[in-house]
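Summary of the model geometry
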Amino acid sequence: MDLVNHLTDRMLFAVPKKGRLQQACLDLLSGSDIQFRPADIPTFVGEGRVDLGITGIDQVAEHDIALPFDEPSNVEQILDLEFGKCKLQVQVPEQGDIKEAKDLVGKNIVTSFTALTEDYFARLENNQSRKESINGTMSPIPKLKTKIKYVGGSVEAACALGVADGIVDLVESGETMRAAGLCAIDTVVESTAVLIKSKKTSNQKLVDLITSRIKGVIQAQKYVLCAYNVPRSRLPDVTKITPGKRAPTVTSLDEPDWVAVNVMIAKKELAGVMDRLEEAQATDILVTPLINSRAST
Ligand SMILES: Nc1ncnc2c1ncn2[C@@H]1O[C@H](COP(=O)(O)OP(=O)(O)OP(=O)(O)O)[C@@H](O)[C@H]1O
Ligand SMILES: O=P(O)(O)OC[C@H]1O[C@H](OP(=O)(O)OP(=O)(O)O)[C@H](O)[C@@H]1O
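Residues numbered from 1 in each chain as written. Chains lettered and ligands numbered in written order. Predicted model: local features only at pLDDT ≥ 70, side-chain atom pairs only at ≥ 80, totals over all residues.

This next bit is on the confidence of the model for the protein. Averaged over all residues, the pLDDT of the protein equals 87, while 87% of them reach at least 70. Within the model, the stretch residues 38-47 combines pLDDT values under 50 with 15 contacts to residues more than four positions away or in other chains. If you check the scores for this complex, the pTM reads 0.83 and the ipTM reads 0.94. (pLDDT = per-residue confidence, 0-100. Contact = placed C-beta atoms within 7 Å.)

Have a look at this one:
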């Protein structure tokens, strides 16, 4: 069945159908007014006809490093989506003898990220990435002494079960790692979710449009809109506290000597800014979330 070829003037956009990144992706896309049928995505991906996608930097790095030496990646990262923050880390038993990653050379490692892990240990063993050439020529990849095994889940159990001396797995809060009696001794990749595009896309215009919509939502999530009233005489003081992205909007009130101010404030500074506004005699301070925006960065 051909689900793809009849789709003219459309773009194929792959998002995770489950897992950690799914809900944040769906929220982002609904904020950008992008509609899609999740059930179609695996087929589109399978056809290799996807223009845009959302995944973790860790997954992009694993994909890219696994490509043959002379095959460039067709995946381009176009926007950091700032969620799904985690680190792919080398972990060992907290109570064990291994203190540094080089102590793991020649030992057993378990991971879901075999290509990145092989590359990491190749560097430790040979001081050379498995994607690098010597003097510009392809060299035979030396066989790794370190034994790297793939498991798809519950990677953190591998050391306690005696299957591994160390693991390479994702860490966010560190709870999973600590609960398994492990500690991190190095970081292989730092990751967040990213918007990716195919370098082969024939829908560049649509890719740009959707990227711009998604940027708008991400930008909006960082700011709130704040409105307050203040005596006109205090305007110079409150303007210093809330200068706005360009400048605050100031309107007269139907009361002499008072003005109303509308201004965008960075969410992470909100509480402190509100305290300072109150001290500067601002009153009726109202804060409204933004759901979308188009503004200069
Ligand atoms: N604890 C975490 N905190 C934040 N982001 C994470 C975390 N774990 C994973 N991620 C990000 O989410 C992506 C998907 O991970 P997740 O564990 O949800 O996969 P999944 O869809 O369940 O796939 P699989 O079936 O292969 O486990 C990872 O590649 C990473 O970028
Ligand atoms: O540092 P933490 O906050 O504890 O997060 C890390 C855990 O999260 C991910 O697994 P997830 O829970 O998504 O399940 P999975 O093993 O099925 O992918 C990852 O593989 C770790 O096990």
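Now that the structure has been shown, the text picks up again.
Take the environment of Leu 195 next. In this structure, Leu 195 sits in strand β9 (residues 193-198). Here the alpha-carbon distance between Leu 195 and Arg 232, two residues 37 residues apart in the chain, equals 45 Å. In contact with Leu 195, other than residues within four places in its own chain, are Leu 52, Ile 54, Ile 78, Leu 79, Leu 81, Thr 211 and Ile 214. (Helix = DSSP H or I, 4+ residues; strand = E, 2+ residues; numbered from the N terminus.)

Across the six residues of β9, five count as buried, placing the element largely inside the fold. Pairing of strand β2 (residues 52-56) with β9 involves five bridges; the strand directions are antiparallel. What sits directly across from Leu 52, in β9, is Lys 197. Where strand β3 (residues 75-80) meets β9, five bridges bridge the pair, whose relative direction is antiparallel. By the bridge assignment, Leu 79 is partnered in β9 with Leu 195. (Buried ≥ 20, exposed ≤ 12 C-beta atoms within 10 Å, placed from the backbone. Pairing = 2+ DSSP bridges.)

Quick look at the domain arrangement of the protein now. Domain parsing of the protein yields domain 1 (13-83 + 193-202), domain 2 (86-191) and domain 3 (223-289). The interface of domain 1 with domain 2 comprises nine residues on the first partner and 10 residues on the second. No other element matches helix α3 (residues 57-65), which puts five residues into the side of domain 1 that touches domain 2. In terms of residue class, the side of domain 1 that touches domain 2 is built from five nonpolar, one polar and three charged. (Domains from an automatic or database assignment. Nonpolar A, V, L, I, M, F, W, Y, C, P; charged D, E, K, R; others polar.)

Attention now goes to the sheet that holds β3. Sheet architecture is open: four strands sit in the order β1-β2-β9-β3, paired in mixed fashion. Of all strands in the sheet, those with a lone pairing partner are β1 (13-14) and β3, marking the two edges. The strands touched by helix α6 (residues 204-222) are β2, β3 and β9; relative to β3, the strand with the most contacts, the crossing angle is about 30°. (Axes fitted to C-alpha atoms, helices over the stretch in contact; angles between N-to-C directions.)

Here we take up the site of ligand 1. The full set close to ligand 1 counts 14 residues, and Gly 19, Arg 20, Gly 56, Cys 86 and Glu 172 are the nearest of them. Tallied by class, the residues present in the shell around ligand 1 amount to four nonpolar, six polar and four charged. Structurally, the shell around ligand 1 is a two-domain feature, drawing no fewer than three residues from each of domain 1 (13-83 + 193-202) and domain 2 (86-191). (Near = placed C-beta within 6 Å.)

The subject of this paragraph is the pairing of strand β10 (residues 223-231). With nine bridges connecting them, β10 and strand β12 (residues 258-266) associate as antiparallel partners. Across the sheet, Tyr 223 pairs through a bridge with Ala 266, a residue of β12. Pairing geometry for β10 and strand β13 (residues 283-289), over five bridges, is antiparallel. Bridging from a neighbouring strand, Asn 229 pairs with Thr 283 of β13.

The subject of this paragraph is the environment of Arg 234. By secondary structure assignment, the location of Arg 234 is in the loop between β10 and α7 (235-241). With 16 C-beta atoms counted inside 10 Å, the residue Arg 234 sits in the partly exposed group. For the pair Arg 234 and Ser 112, spaced 122 residues apart in the sequence, the C-alpha separation amounts to 59 Å. With residues up to four places along the chain from it excluded, the contact list for Arg 234 reads Ala 280 and Gln 281.

A few words on the sheet that holds β12. The strand order β11-β12-β10-β13 describes an open sheet built from four strands, whose pairing is antiparallel. Looking at the sheet topology across the chains shown, the edges are occupied by β11 (249-252) and β13. Averaged over all pairs of adjacent strands, the angle between strand axes in this sheet comes to 20°, irrespective of strand direction. Along the sheet, helix α8 (residues 270-279) contacts β10, β12 and β13; its crossing angle with β13, the most-contacted strand, is approximately 160°.

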